[in-house]
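Close look at the chain arrangement
Listed below, chain by chain, are the residues.
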Amino acid sequence: MIEISHLAKKYGGRYAVRDLSVRIEAGQIYGFLGPNGAGKSTTMNIITGYLAPTSGEVKVDGFDIVKEPEQAKRKIGYLPELPPLYQEMTVDEYLKFAAELKKIPAQKRRESIEKAVDIAQLADVRKRLIANLSKGYKQRVGLAQAVLGDPEIIILDEPTVGLDPKQMIEMRELIRNLREHHTVILSSHILSEVSAVCDRILIISKGELVASDTPESLQERMQGAGQLEIEVKGSAALLRTLLANLEGAEHYSVTTKENGIVAATVTEKAGCDVREALFFALAEHRMPLLVLQKKTGSLEDIFLQLTEKAGEES
């Protein structure tokens, strides 16, 4: 659907995007995740034809965005971070104007507008001035503009920025519904948003792709960073000895608490689960186990680990 090959964008002596290659398949929601300044918006603007790349290429359904911009852009609906809305227009007037700009045939415009209004759930406000709408409804108008003409690909750049929690939940539900008929690329730095709606996650840092996988697979990759938090009754020295000899434990720390209780944090090696061996070792030495809690890597852990690693290597 979209093929990005060795894409780069340079401003002066600094790369905003560096040697980015990725393939976007049809019928899924992709989360384009990264910290502020990672190159997400630059990449979006290149894919949609708003910016020219310094090098590399982007093909949309086989059409090169630089060499065949009209054919490529016809496949894309785009909601930028700041929607290009005309505040003095009503919702209906704006969508009619947008339909004309998109060169939707006159006989199909009304049907296309009605479909966009339905998708974005704008029926109650379509006669109102855009200037008088809430931030949430303004974002919906921007979304309606993006889906006008039924493009195969919908690109959303930070679609929930500035929305209150209720509006964010409503916008996420609208985005989920797009999956039925569109491929969606969602740019965000909000981890909960990406994990809530996306089938695949692309993590970018310093303009480079550092991960591409499903949310579930990314979390499985972090199992090695899972930790055990334990509390036992007994000797701190003996607990250190047991943990030092515990196969599958990568490292550990032990602290002494009150009333003869000792706490420890144990980091497991990738693919290892030391809970059973630890339980029997403690039982053998008559050290009552009071707390055993396993913490696995979250999407936040993955994000921080990958982006910090990319920063160290750059």
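Throughout what follows, the structure given in this document is the object of discussion. (Residues numbered from 1 in each chain as written. Predicted model: local features only at pLDDT ≥ 70, side-chain atom pairs only at ≥ 80, totals over all residues. Heavy atoms only, no water.)

In this structure, H6 takes a positive phi of about 50° despite not being glycine. By the secondary structure assignment, H6 is in strand β1 (residues 2-11). Taking relative accessible area as the criterion, H6 reaches 52% and is therefore assigned exposed. Of note in this structure, D61 is not a glycine but carries a positive phi near 55°. (Helix = DSSP H or I, 4+ residues; strand = E, 2+ residues; numbered from the N terminus. Buried < 20%, exposed > 50% of the residue type's maximum accessible area, 1.4 Å probe, protein only.)

Turning next to the nonpolar core. With 43 residues, the main nonpolar core has V91, L95, L122, V141, L148 and L156 as its most contacted residues. The contact partners of L122, leaving out residues within four places of it in the chain, are V91, V117, Y137, R140, V141 and A144. Within the second largest apolar cluster, 25 residues are counted, among which are L7, V22, I46 and I204. (Core = buried A, V, L, I, M, F, W, Y, C linked by side-chain atoms within 4.5 Å. Contact = heavy atoms within 4.5 Å.)

Across the sheet, which stays open at both edges, the 6 strands sit in the order β6-β7-β8-β3-β9-β10 with mixed pairing between neighbours. On the outer flanks of this sheet lie β6 (76-79) and β10 (208-213), each paired with one strand and no other. On average, each strand axis in the sheet is tilted by 15° relative to the strand beside it, whichever way the strands run. Pairing geometry for strand β9 (residues 200-205) and β10, over 5 bridges, is antiparallel. Paired with I204 across the strands is L209, a residue of β10. Contacts from helix α5 (residues 135-147) reach β6 and β7 (153-157) within the one sheet, and its direction differs from that of β6 by about 165°. (Pairing = 2+ DSSP bridges. Axes fitted to C-alpha atoms, helices over the stretch in contact; angles between N-to-C directions.)

For the rest of this paragraph, the subject is the sheet that holds strand β2 (residues 14-24). What the 4 strands build is an open sheet, ordered β2-β1-β4-β5; its pairing is antiparallel. The open sheet has two free edges, formed respectively by β2 and β5 (63-64), since each of these has just one partner strand. Across the sheet, helix α1 (residues 40-47) is in contact with β1, β2 and β4 (55-60); its angle to β1 comes to roughly 120°.

The next subject is the side chain of S112. Examined against the element boundaries, S112 turns out to sit in helix α4 (residues 106-120). Setting aside chain neighbours within four positions, we find S112 in contact with I104, L148 and G149.

The element β9 is extensively covered by neighbouring structure, given that 5 of its 6 residues are classed as buried. Examined bridge by bridge, strand β3 (residues 29-33) and β9 share 4 bridges and lie parallel to one another. Bridging from a neighbouring strand, L33 pairs with I203 of β9. Linking β9 back to β10 in an antiparallel pair, the connection comprises 2 residues, with K206 at a positive phi of about 55°.

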